[in-house]
Amino acid sequence: LPQVFLFALLLADTLGAAEFKATGFHIYYGGEAWVLAGLRGGLAKGHVAAVDLRELKEAERNALLARANAVGAKVRAYVSVGGVHDREAGDFAAFFKKAPIRPALRQRFPTPASVEVDRNVQFKSRRMDALSAAWRLFVLRKVTRARRAGVHGVFLDTVDTVDHYIARKQWPITRRVE
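Anyway, here's the lowdown on the structure attached to this text. (Residues numbered from 1 in each chain as written. Predicted model: local features only at pLDDT ≥ 70, side-chain atom pairs only at ≥ 80, totals over all residues. Heavy atoms only, no water.)

1. Some thoughts on the overall build of the protein chain
Thought 1: Scanning the protein chain from terminus to terminus reveals eight helices and seven strands.
Thought 2: Summarising the internal contacts of the protein chain: among those between residues at least 6 apart in sequence, 69% fall at separations of at least 24.
Thought 3: When the accessible surface of the protein chain is split by element, carbon and sulfur atoms take 60% of a total near 10100 Å². (Helix = DSSP H or I, 4+ residues; strand = E, 2+ residues; numbered from the N terminus. Contact = heavy atoms within 4.5 Å. Areas by Shrake-Rupley, 256 points an atom, 1.4 Å probe, with all protein chains shown as cover.)

Right under this line is the structure:
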């Protein structure tokens, strides 16, 4: 069921897309004010900017959205579908404990650690198993919060985490391709 809601949100995100023609792309996951000012100033009609809302102050987010709206650009919020940053691991663990998951689905993933596939040392994060219902609900919550923040949509990142399933030799092949 969570994937149905996520799909519906993403589908709704495309409404009105026929009027918008992307002509440029900016991506910035940091929060340095001088970089954000440059990003904001560089927006033009048709540009899409993907930003990490966790890094932006409310005033910075509002200024970026105002500029995007003024010039005909779009702002999309970065949402990781395949990993959780170390600074969010506690949030996921707390969410996991309260997530409305059927007992049968909890058997496969009984703990937050059981959802982790491996570490992504470079990005200080944990790759997560998309088969976990709790993980999918957590991602859906991030998408919902991003949309409530007023952005024009979401930029789904780390979808390549599934590539790591194949390399996980401790899993049987049937599990790696599931």
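2. A closer look at the layout of surface pockets
Thought 1: Counted as a void, the largest pocket has a volume near 800 Å³.
Thought 2: In terms of lining residues, the largest pocket is bounded by 33 residues, among which Asp-52, Arg-54, Tyr-78, Ser-80 and Glu-88 are the most central.
Thought 3: At the level of elements, strand S3 (74–80), strand S4 (83–85), strand S6 (125–128) and helix H6 (133–148) are the ones that each hand at least two residues to the lining of the largest pocket.
Thought 4: For the lining of the largest pocket, the leading source of residues is H6, giving five residues.
Thought 5: Among the residues forming the lining of the largest pocket, the class breakdown is nine nonpolar, 10 polar and 14 charged. (1 Å grid on protein atoms, 1.4 Å probe; cavity = no way out; pocket = protein on both sides within 12 Å on 5 of 7 lines; lining within 4 Å. Points joined across faces, edges and corners; volume = space filled by probe spheres on them. Nonpolar A, V, L, I, M, F, W, Y, C, P; charged D, E, K, R; others polar.)

3. Let's talk about the nonpolar core
Where a protein is soluble and globular, its nonpolar side chains tend to be buried together.
Thought 1: Counting residues in each nonpolar core, the largest one holds 36 residues, and the members touching the most others are Phe-92 and Trp-135.
Thought 2: Breaking this core down by element, the ones donating at least two residues are helix H2 (33–42), strand S2 (47–51), helix H3 (58–71), S3, helix H4 (89–98) and H6.
Thought 3: In terms of residues, this core owes the most to one element, H6, which gives eight residues.
Thought 4: Beyond its immediate sequence surroundings of up to four residues, Trp-135 is in contact with Ser-80, Val-81, Gly-82, Gly-83, Val-84, Phe-92, Val-115, Met-128, Asp-129, Ala-130 and Lys-142. (Core = buried A, V, L, I, M, F, W, Y, C linked by side-chain atoms within 4.5 Å. Buried < 20%, exposed > 50% of the residue type's maximum accessible area, 1.4 Å probe, protein only.)

4. Examining a nonpolar patch on the surface
Thought 1: Taken together, the side chains of Ile-166, Ile-173 and Val-177 make up a nonpolar region of the molecular surface, amounting to roughly 280 Å² of accessible area.
Thought 2: Among the structural elements, Ile-173 can be located in helix H8 (residues 173–176). (Patch = residues over 30% accessible without salt bridge, like charges linked within 9 Å, V, L, I, M, F, W, Y side chains within 5 Å. Salt bridge = Lys/Arg side-chain N within 4 Å of Asp/Glu carboxyl O.)

5. With respect to the sheet that holds strand S7 (residues 153–157)
Thought 1: The strand order across the open sheet built from four strands is S1-S2-S3-S7, with neighbouring strands paired in parallel fashion. Taken across any chain shown, the strands that pair with only one partner, and hence form the sheet edges, are strand S1 (24–28) and S7. Pairwise comparison of adjacent strand axes, ignoring direction, gives a mean angle of 30° for this sheet.
Thought 2: Sheet topology note: the S1/S2 ladder contains five bridges and is parallel. (Pairing = 2+ DSSP bridges. Axes fitted to C-alpha atoms, helices over the stretch in contact; angles between N-to-C directions.)

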